[in-house]
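Results of the structural survey
These are the residues of each chain, in order.
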Amino acid sequence: MAPTMTGRKTLGAGEGSLAVFFALFALLWLFIASKTTDAAYAFHAWLFVLGSIVAVVAIFKRYMARPAEAPPQEIDGLPNYNFGPIKFASVMAMFWGIAGFLVGDIIAWQLAFPALNFDLPWTNFGRLRPLHTSAVIFAFGGNVLLATSFYVVQRTCRARLAGDLSPWFVVLGYNFFILVAGTGYLLGITQGKEYAEPEWYADLWLTVVWVVYFLVFVLTVAKRKEPHIFVANWFYIAFILTIAVLHLGNNATVPVSIFSPKSVIVWSGVQDAMFQWWYGHNAVGFFLTAGFLGIMYYYIPKQAERPVYSYRLSIVHFWALIFTYMWAGPHHLHYTALPDWAQSIGMLFSLVLLAPSWGGMINGIMTLSGAWHKLRDDPILKFLIVSLSFYGMSTFEGPMMAIKTVNALSHYTDWTVGHVHSGALGWVAMISIGSIYYLIPRLFGKSEMFSVKLITVHFWVATIGVVLYIASMWISGVMQGLMWRAVNADGTLTYSFVESVKASYPFWAIRFLGGVLFLAGMLVMAYNMLKTIAGGRSVDDARVLVPAAHHA
């Protein structure tokens, strides 16, 4: 999508074709808006119309403002990196993170005080819960992955991002998908699949955006000036490619009509369940693990100013992880209609998964060999290293919970909630926060964040919040499991379900407090981030390394 390079300014092929695409897209959705009888779907149709018009206007405004020639690939022999989309994704990650954690706190409080549902369709738990999970995982985590991957691939390949408008199409298109999906949950538009709630039209839009994302990343790697492909890029490529496959398989639906938001899944019964948890578990494995391991392998060595502890181990870690993770999904379906042999395969591969997971964790932590003293004074490094501790803990806990006898106690209890959040808050959010703290000063021409002390405050507030959250859920979950299976001498249940709910109440209150602390830390980060950006320059002062002659 690069503009044509001529001495006289002309509309580039990419600019022109994209403007035509969005103009036709606006007409299509205008037609749908005029014909549909579903009010929520009509609202989304008008969002697509408005977004397409804004895109056309932005393309022509950019054309009028830009120079005649395409941006140079190099300036004075150094790569001319494209940091604009990265800045946008970094800021949006902060925005969606605060929104997602706020909604999480609201629904945590609703569990303790159901009256806070307010008897409104838009604020009940059933609609806010998928809004929370999608906002934290896909909006916050997704924007972190876009920002960090676009930064890492440029720096490690010593090449400008492929395409001119393409990187912007990816970050803006992805955030538009988040807007459509999130408002859809509140309006009741959902296909009812865990972590895959958006309906067919949102899924199709995401597919287009994701294909462009893959092309931008791979073509940037292809034109690299550094002969070696750094291991972080392998993790990013695996994450992008596998998520595409999972998305297409789990969302294979047939729309009822182009004028209806509803669709029918092509899978049925137990096959649908198997596809769902093949998708669901590998969304954890590749979106929330492989992608963020790409962050680990770049940002920890950079912040610690030490080489990766073992590059060979990182390669073994990569291949072992991506092979093993694919087969672990059936452990979500223990004691269901899924054939017993499939459940056992899921359990077996979940146990095997412990080895590559801990190999990667050890590799990341041992990167600090010879630089342990930096943990005393570097709060960004604290975030990055502590996130690995939570990663190790959750990747030990996950395989243990996949064992059928353990799962019989843990399933459907708050223990599962605690496990998910030890990974989502302790691992994903903490390493995301550390990487964004690393990025912001470099993207906006600052030597460091506005306040290093505030980063330290954020670290301790967030860490205490995570510990309160997961400890309360562990205790509550084990208690629930024991109460549900307790029987009297005559075989009747010792406790009613209501009694287990009442016993869980104090722990739900503690969980809310932990969430409030984590949200407070994000607000501190937002303040620090905005103060850092204010007055920042748009240049990159980071030193460009001379490419290595060979690789060990």
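Nothing here was measured: the structure is a model prediction, and the numbers come from that model. Every residue gets a number counted from 1 within its own chain, in the order that chain's sequence is written. Only residues with pLDDT of 70 or above have their local features reported here, since the model is predicted, and side-chain atom pairs are shown and tallied only from 80 upward, although totals for entire chains, interfaces and linings are computed over all residues. Processing note: side-chain calculations cover all non-hydrogen atoms of the structure and skip hydrogens and water entirely.

Some thoughts on the overall build of the protein
For the purposes of this entry, the term helix denotes a DSSP run of H or I that reaches at least four residues, the term strand denotes a run of E that reaches at least two, and both are numbered from the N terminus. Regarding its fold elements, the protein presents 17 helices and four strands. C-alpha atoms define the radius of gyration, and 2.2 Å times the number of residues to the power 0.38 defines the globule rule. Relative to the 2.2 N^0.38 estimate, which gives 24 Å for 552 residues, the radius of gyration of the protein is 24 Å and therefore close to what a compact globule would have. Across its three principal axes, the protein shows a C-alpha extent of roughly 90 × 65 × 45 Å. Any pair of residues with heavy atoms lying within 4.5 Å of one another is described as a contacting pair. Sequence separation of at least 24 residues holds for 81% of the intrachain contacts in the protein that already meet a minimum separation of 6. Surface accessibility follows the Shrake-Rupley procedure with a 1.4 Å probe radius. Residue values consider only the protein chains on display as shielding. Within the structure as shown, the protein displays about 23400 Å² of accessible surface, and the carbon and sulfur contribution to it stands at 73%.

Some points on the side chain of Thr242
Structurally, Thr242 is set in helix α7 (residues 231-250). Here a polar contact means two N or O atoms within 3.5 Å. Within protein one must be a hydrogen donor candidate and the other an acceptor candidate, and residues neighboring in sequence count only if both atoms are side-chain atoms. Within the structure, the side chain of Thr242 is placed 2.7 Å from the backbone oxygen of Ala238, a separation counted as a polar contact. Apart from the residues lying within four places of it in its own chain, the contact partners of Thr242 are Phe286 and Met326.

Considerations on the nonpolar core
Ranked by internal contacts, the top residues of the largest apolar core, which has 148 residues, are Phe239, Phe287 and Phe518. Setting aside anything within four residues of it in sequence, one finds Phe518 in contact with Phe101, Leu425, Ala429, Met430, Ile433, Ala462 and Val466. Buried residues of nine kinds, namely Ala, Val, Leu, Ile, Met, Phe, Trp, Tyr and Cys, make up a nonpolar core once their side-chain atoms join them within 4.5 Å. With a 1.4 Å probe rolled over the protein chains alone, any residue whose accessible area is under 20% of its type maximum counts as buried; one over 50% counts as exposed, and the rest are partly exposed.

A few points about the side chain of His421
Looking at the secondary structure, you find His421 in helix α15 (residues 414-443). A relative accessible area of 15% means that His421 is categorised as buried. Separated by 2.9 Å, the side chain of His421 and the backbone oxygen of Val417 make a polar contact. Beyond its immediate stretch of four places on either side in the chain, His421 contacts His132, Gly426, Tyr469 and Ile470.

Topic: the pattern of salt bridges
The salt bridge criterion pairs a side-chain nitrogen of Lys or Arg with a carboxyl oxygen of Asp or Glu, the two atoms within 4 Å. Taken as a whole and judged by the stated rule, the model has eight salt bridges. Notably, a salt bridge pairs Asp272 with Lys193, separated by 2.7 Å at the nearest N-O pair. With Asp272 in helix α8 (residues 269-304) and Lys193 in the loop between α5 (166-187) and α6 (200-222), the pair connects residues that are 79 residues apart, well separated along the chain. Its relative accessible area of 7% is what places Lys193 among the buried residues. The partner of Lys404 in a salt bridge is Asp340, with the nearest N and O atoms 2.7 Å apart. Pair noted here: Lys404 is in helix α14 (residues 404-410) and Asp340 is in helix α10 (residues 340-352), with a separation of 64 residues, a long-range link. It is possible to trace a salt-bridge network through shared partners that takes in Glu15, Arg62, Arg66 and Asp164.

Some points on the packing of helix α13 (residues 379-402) against α15
Axis lines are fitted through C-alpha atoms, for helices just across the contact stretch, and the angle between N-to-C directions can take any value from 0 to 180 degrees. Between α13 and α15, whose axes approach to 8 Å, the crossing angle comes to 155°. What the angle tells us is that α13 and α15 run roughly antiparallel. Crossing of α13 against α15: the hand is left-handed. Throughout, the ten residues Ala, Val, Leu, Ile, Met, Phe, Trp, Tyr, Cys and Pro are labelled nonpolar, Asp, Glu, Lys and Arg are labelled charged, and all others, Gly among them, are labelled polar. Among the residues making up the contact of α13 with α15, the classes are represented as 16 nonpolar, ten polar and one charged. Should an angle lie under 35 degrees it is considered roughly parallel, over 145 roughly antiparallel, and from 65 to 115 roughly perpendicular; all remaining angles are considered oblique. Note on convention: near helix rotated counterclockwise from far helix by under a right angle means a left-handed crossing. Clockwise means right-handed.

Examining the confidence of the model for the protein
Confidence scores per residue from the predictor, reported as pLDDT, run from 0 to 100. Summing up the model confidence of the protein, the mean pLDDT is 93 and the portion of residues at 70 or higher is 95%. Note that pLDDT drops below 50 for residues 538-552; the model gives that stretch 24 contacts with residues more than four away or on any other chain.

Some points on the packing of aromatic side chains
Geometry of an aromatic ring pair is reported as the spacing of the ring centres plus the angle between the planes. Stacked, edge-to-face and tilted labels apply to pairs of Phe, Tyr and Trp rings (six-membered ring for Trp) whose centres lie within 6.5 Å, assigned for plane angles under 30 degrees, over 60, and everything in between, in that order. Tallied over the entire structure, the rule returns 57 aromatic pairs. Seen from their ring centres, Phe230 and Tyr311 are 5.9 Å apart, and the 50° between their planes marks the pair as tilted. With a gap of 81 residues between them, Phe230 in the loop between α6 and α7 and Tyr311 in helix α9 (residues 311-325) connect regions that are remote in the sequence. Clustering of aromatic rings is evident, with ring pairs tying together Phe21, Phe22, Phe25, Trp29, Tyr41, Phe48, Phe169, Phe176, Trp200, Tyr201 and Trp205. Taking NZ or CZ as reference, Lys87 lies 5.0 Å from the ring centre of Phe444, over its face. By definition here, charges over rings are those cases where NZ of Lys or CZ of Arg is within 6 Å of the ring centre and within 35 degrees of the ring normal. Residue placement shows Arg442 over the ring face of Tyr438; its charged tip is 3.7 Å from the ring centre.

Digging into the packing of α8 against α15
Remark: α8 packs on α15, axes separated minimally by 10 Å, with the N-to-C direction vectors making an angle of 40°. One element, α8, and the other, α15, form an angle in the oblique class. Like other packed secondary-structure pairs, α8 and α15 cross with a definite hand, here left-handed. Where α8 approaches α15, its residues Leu288, Thr289, Phe292, Leu293, Ile295, Met296, Tyr298, Tyr299, Lys302 and Gln303 are matched on the opposing element by Trp427, Val428, Ile431, Ser432, Ser435, Tyr438 and Leu439.

As for a nonpolar patch on the surface
Exposure above 30% relative accessible area and no salt bridge define the residues that can form patches, which grow by joining like charges within 9 Å and nonpolar side chains of Val, Leu, Ile, Met, Phe, Trp and Tyr within 5 Å. Together, Val20, Leu24, Leu27, Leu30 and Trp46 make up an exposed nonpolar region whose accessible area comes to about 510 Å². Along the chain, Leu30 turns up in helix α1 (residues 13-35).

Quick look at unusual backbone geometry
Positive phi values are uncommon outside glycine, yet Phe118 reaches one of about 65°. The phi dihedral of Asp119 falls on the positive side, at around 55°, and the residue is not glycine. By the element assignment, Asp119 lies in the loop between α3 (84-112) and α4 (125-157). Residue Asp119 is classed as exposed on the basis of its relative accessible area of 78%.

Concerning α13
With 24 residues, α13 should cover 34 Å at 1.5 Å per step; its first-to-last C-alpha distance of 34 Å lies within 8% of that length. By the criterion of burial, α13 is predominantly enclosed, with 19 of the 24 residues buried. Of the residues that open α13, the one with a side-chain oxygen 3.1 Å from the backbone nitrogen of Ile380 is Asp378. Any helix carries an expected span of 1.5 Å times its number of residues minus one.

Description of the environment of Met64
Relative to the helices and strands, Met64 is located in helix α2 (residues 39-65). Put simply, Met64 and Leu11 are 53 residues apart on the chain and 9.3 Å apart in space, counted from C-alpha to C-alpha.

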